[in-house]
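# Coordinates in review
Listed below are the residues making up each chain.
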Amino acid sequence: MKLQSIKSIGTQVTAVAILLAVTLIFSLTPPFHKINLWTWDYLFRLREEHPTTDDIVIVSVDDETFSMLDTQWPFPRGYYARMVDNLERAGVKQIIFDIEFTESSNFNADNMLGAVAAKYDNIVWAGKVIREKKATSVFRLLPPIAQIFHTNSPWGMVNMSADVDGFIRNYPLLDKEGDLSVYSLGIVALASEESNEKWQDNVSVNDDFMHVNNYKIPYNKSRRIPINYYGAEGTFKYYSFSSILDDENFLLPGFETEDFQINEFNQFLSEGVLKDKTVFVGVSTAELHDSFNTPFNYKKVTLPGVEIHANFLQMVKDGRYLSKVSFGSIVTLLIIIAIILQIVNRLIKPQYSIIITVVVIIGMIIWGIHRFINANEIWQIVIFIFYCLLSYVFNLIFTFISTAKEKRFIKNAFQRYMAPEVVNELIKNPKSLTYGGSEQVISVLFSDIRSFTTYSESHTPETTVAILSEYLTAMVEVIKKNKGIVDKFVGDEIMALYGTPLKDEEHALNACKTALEMRDVLDRLHREWKAQGRDIFEIGIGVNSGKAVVGNLGSEQIFDYTAIGDNINLGARLEAINKEYNTKKKIIISEHTLEMVKDQVVVDYLDEIKVKGKNIPVKIYELIAIRR
């Protein structure tokens, strides 16, 4: 039993190890990565939009702007100069461009924008980093043109870093080539928040964090950080670019005359809605193709790039960083779940273990949602779901194979020694065949050929084997017919058990029926053998009933379903003493068997005998017939 338990534990540990290995390997594949990203998106949708402060606003080149200005893109840079002046008049804290001025346009217009920008110390420009892989890797910078971008003016890269499915989920913090570091627009904006002068001194980088002013920003090996999006487009306050231009000195082409002016900016100015605001300037109209897929894209609306920068800046200011749970923590929890599920799957039936599996999956989903919404943690829920399903399917297949193997074993072990219907019932309930025995009330029948040694000495081996085979085959059929099992053959002796391995309330009666039918079959064989000129032999039969230890009493390597005990020994003794009594049918039963069938059989009292090792004598009877 101990060796079997150790083997079983070893098998389960091996199964868990294999399933964990398969799960972890799957977690490295592209399909898993994509599913994990979709799960990440769904968490945002469950959480829905998160409120932002009013400190960050967006001035956007939108559809209204194109309608009001009635001009083509790119706009005259004098428009941007006017916008900067107006925003500064409104008292904004900082102006951050997500519009690139990396190419010259009109010389005078470029100078105008540069001259206006030079008056202020709170403007951040946009540029790009170009990486080309040709014969050699090419690293190129596209900063704003010199007429606009002055020595002390900071600029940041606006490159977006999409995942494999084209969605923007992470924000790049810097790009590095040798000793040259180029920071993203959001980082530069934070570093120059108080002043553009020596803004680089406000940035320091170590292996895990980037320190910008008083902000400590974590990042991964690819120098990116997950964006904790606040919502879909419009989460931040938008102002139309044309509205910022529309002051008392600007006429919107086709919409205003000198006699009729809207002067929308003046209303902003009087209300003070832009005072102390961090202002991003970008585009949102679809025609300019500066919108990207984000986790909130389920509404079929992409998010303007300028608002992605705003999401990053707001996230840093709020300290609402998304943290991905460490691989070690995931593996630790996965191992715990794996052990629990393996125990459950092995102890209960598949139709019930699926309930436990579903409960664990739902529990992990709820846990993942809870941690994301309340702690900004990203759990790789997919890896747990995959393992739970894999574990259930594996154990379902394992159970099916084991059950099929067990059924084949039972069928092969018993089909030649018991009735098919008994074998089928045993297959349905195989637990009684586990190693070890239990005390049961059964009946045992012993049958032996009289003087078979003398018979075999007077006949050739071939003749002896042939007649013995014919006899034993016929007797086994009788035993099987009456719900008995052939426990063993000891030479010419037969030992049969009744009432096991399946319970049979009439085991004593069936044993008696078997004895009488064996006698009838032997009489038929006698007639056939005499007609063939063959010699015959006699048999003696003993039947006893009572408690015995029954079960697989062999070894862990060799299966041997049998019974042992005093009552088994008494059955063998009754068969042997047949030759001492002149009984007609050569069948002797004990008083124990008679007590169970006294109203169903006809018997003659024979004697009282003492069994070796017992002081109390046992009454014995000749079995005559079954009452009809």
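Just so we're clear, the structure is a prediction, and the values are computed from it rather than from any experiment. (Residues numbered from 1 in each chain as written. Predicted model: local features only at pLDDT ≥ 70, side-chain atom pairs only at ≥ 80, totals over all residues. Heavy atoms only, no water.)

Confidence along the protein averages 87 in pLDDT terms, with 89% of residues attaining 70 or more. Of the regions scoring below 50 in pLDDT, residues 1–6 engages in 7 contacts with residues more than four places distant in sequence or in other chains. (pLDDT = per-residue confidence, 0-100. Contact = heavy atoms within 4.5 Å.)

Bringing the sheet that holds strand 9 (residues 203–205) into the picture now. Paired through their backbone hydrogen bonds, the strands of a sheet run either parallel or antiparallel. An order of 9-10-11 is seen for the 3 strands of this open sheet, with the pairing classed as antiparallel. The two strands at the open ends of the sheet, each matched to only one other strand, are strand 9 and strand 11 (215–218). Pairwise comparison of adjacent strand axes, ignoring direction, gives a mean angle of 20 degrees for this sheet. In this sheet, strand 11 lies alongside strand 10 (residues 209–212) in antiparallel orientation, the contact comprising 4 bridges. Across the sheet, residue M210 finds its bridge partner in strand 11, namely I217. (Pairing = 2+ DSSP bridges. Helix = DSSP H or I, 4+ residues; strand = E, 2+ residues; numbered from the N terminus. Axes fitted to C-alpha atoms, helices over the stretch in contact; angles between N-to-C directions.)

Our next topic: the environment of L313. Here L313 is to be found in helix 9 (residues 305–318). Residues L313 and I187, 126 residues apart in the sequence, show an inter-C-alpha distance of 8.2 Å. Sequence-distant contacts of L313, defined by excluding residues within four places in its chain, comprise I56, I96, G186, A189, L190, T278 and F280.

On to the packing of aromatic side chains. Under the counting rule described, the total for this entry stands at 29 aromatic pairs. A ring pair is formed by Y230 and F236, whose centres lie 6.2 Å apart and whose planes are at 65 degrees; its orientation type is edge-to-face. Considered together, Y230 and F236 belong to a single accessibility category, that of buried residues. A centroid spacing of 5.5 Å and a plane angle of 70 degrees characterise the contact between Y605 and Y621, whose relative ring orientation is edge-to-face. Here Y605 is found in strand 25 (residues 601–609), whereas its partner Y621 is found in strand 26 (residues 618–626), with 16 residues between them in sequence. (Phe/Tyr/Trp six-rings, centres within 6.5 Å; stacked < 30°, edge-to-face > 60°. Buried < 20%, exposed > 50% of the residue type's maximum accessible area, 1.4 Å probe, protein only.)

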